[in-house]
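One-letter residues, chain by chain:
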Amino acid sequence: MRIAVAADERTGIADAVVEELRRRGHDAVLHGALADGDRDDWAWCAEAAARDVVEGRADQAVVCCWTGTGASIAANKVPGARAALCADAPTAAGARKWNDANVLALSLRATSAAELEEILDAWFAAGPSTEPDDAANIAHLADIESAP
């Protein structure tokens, strides 16, 4: 799978995310502080990663900033991106299942290496729910994006 990865700093878990994704056999597309010459501010690099997903250059994205909040907000401004800030495995599994999240947001400060592995395990093991109510909620998100 091709995964866009963005971080505003090469600290904390940023390099570990890239290493872990590659260890799992994924192709990492790097943005922000992870890529030479990229703007490393959280709003710009998270947007770039989310656009990769929405425009088909990546299957999913992982966006990181100090708390993860700013990166998730920036990613969610891209129509079609569904970013979820996940601090644990159950949240990551639920974000994939019930929200069909395609962008995982992580805190560079609060995510440990052990939590990262658990979060990624849950994220990649889960898929979107096929329940009609869940599908209707995801479809409604597109309606919200296109509403005046």
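Structure shown above.
Structural notes, computed from the coordinates.

Quick look at the overall build of the chain now. Looking only at helices and strands, the chain has six helices and five strands in total. Its helices and strands taken in sequence order, the chain reads β-α-β-α-β-α-β-α-β-α-α from the N to the C terminus. Relative to the compact-globule value of 15 Å for 148 residues, the chain shows a C-alpha radius of gyration of 14 Å, a close match. Oriented by its inertia axes, the alpha-carbon framework of the chain measures out at about 40 × 35 × 25 Å.

In spatial order, the strands read β2-β1-β3-β5-β4; together these five strands make up an open sheet with parallel pairing. Edge strands, defined here as strands with exactly one partner in the open sheet, are β2 (27–32) and β4 (83–85). Between one strand and the next, the sheet's axes are offset by a mean angle of 20°, whatever the strand orientation. Strands in contact with helix α1 (residues 14–23) are β1 (2–7), β2, β3 (60–65) and β5 (103–107); relative to β1, the strand with the most contacts, it is inclined by about 170°.

A few words now on unusual backbone geometry. Of note in this structure, Asp-100 is not a glycine but carries a positive phi near 45°. As for its position among the elements, Asp-100 is in the loop between α4 (89–99) and β5.

Time to look at the environment of Leu-108. Relative to the helices and strands, Leu-108 resides in the loop between β5 and α5 (113–125). Looking at Leu-108, the relative accessible area reads 3%, which means it is buried.

Contact geometry for α4 and α5: axes closest at 8 Å, N-to-C directions at 20°. Considering the angle they form, α4 stands roughly parallel to α5. The element α4 and its partner α5 pack so that their crossing is right-handed. On α5, the residues touching Ala-89, Ala-92, Ala-93, Ala-95 and Arg-96 of α4 are Glu-118, Ile-119, Ala-122 and Trp-123.

Quick look at helix α3 (residues 69–76) now. Those residues of α3 that fall on the buried side of the exposure criterion are Gly-70, Ala-71, Ser-72, Ala-74 and Ala-75. Packed against the buried residues of α3 are α2 (42–54), β3, β4 and β5.

Calculation notes
- Residues numbered from 1 in each chain as written.
- Predicted model: local features only at pLDDT ≥ 70, side-chain atom pairs only at ≥ 80, totals over all residues.
- Heavy atoms only, no water.
- Helix = DSSP H or I, 4+ residues; strand = E, 2+ residues; numbered from the N terminus.
- Rg over C-alpha atoms; globule rule 2.2 N^0.38 Å.
- Pairing = 2+ DSSP bridges.
- Axes fitted to C-alpha atoms, helices over the stretch in contact; angles between N-to-C directions.
- Contact = heavy atoms within 4.5 Å.
- Buried < 20%, exposed > 50% of the residue type's maximum accessible area, 1.4 Å probe, protein only.
- Parallel < 35°, antiparallel > 145°, perpendicular 65-115°, else oblique.
- Left-handed = near helix turned anticlockwise from the far one by under 90°.

Nothing here speaks to function; it is geometry throughout.
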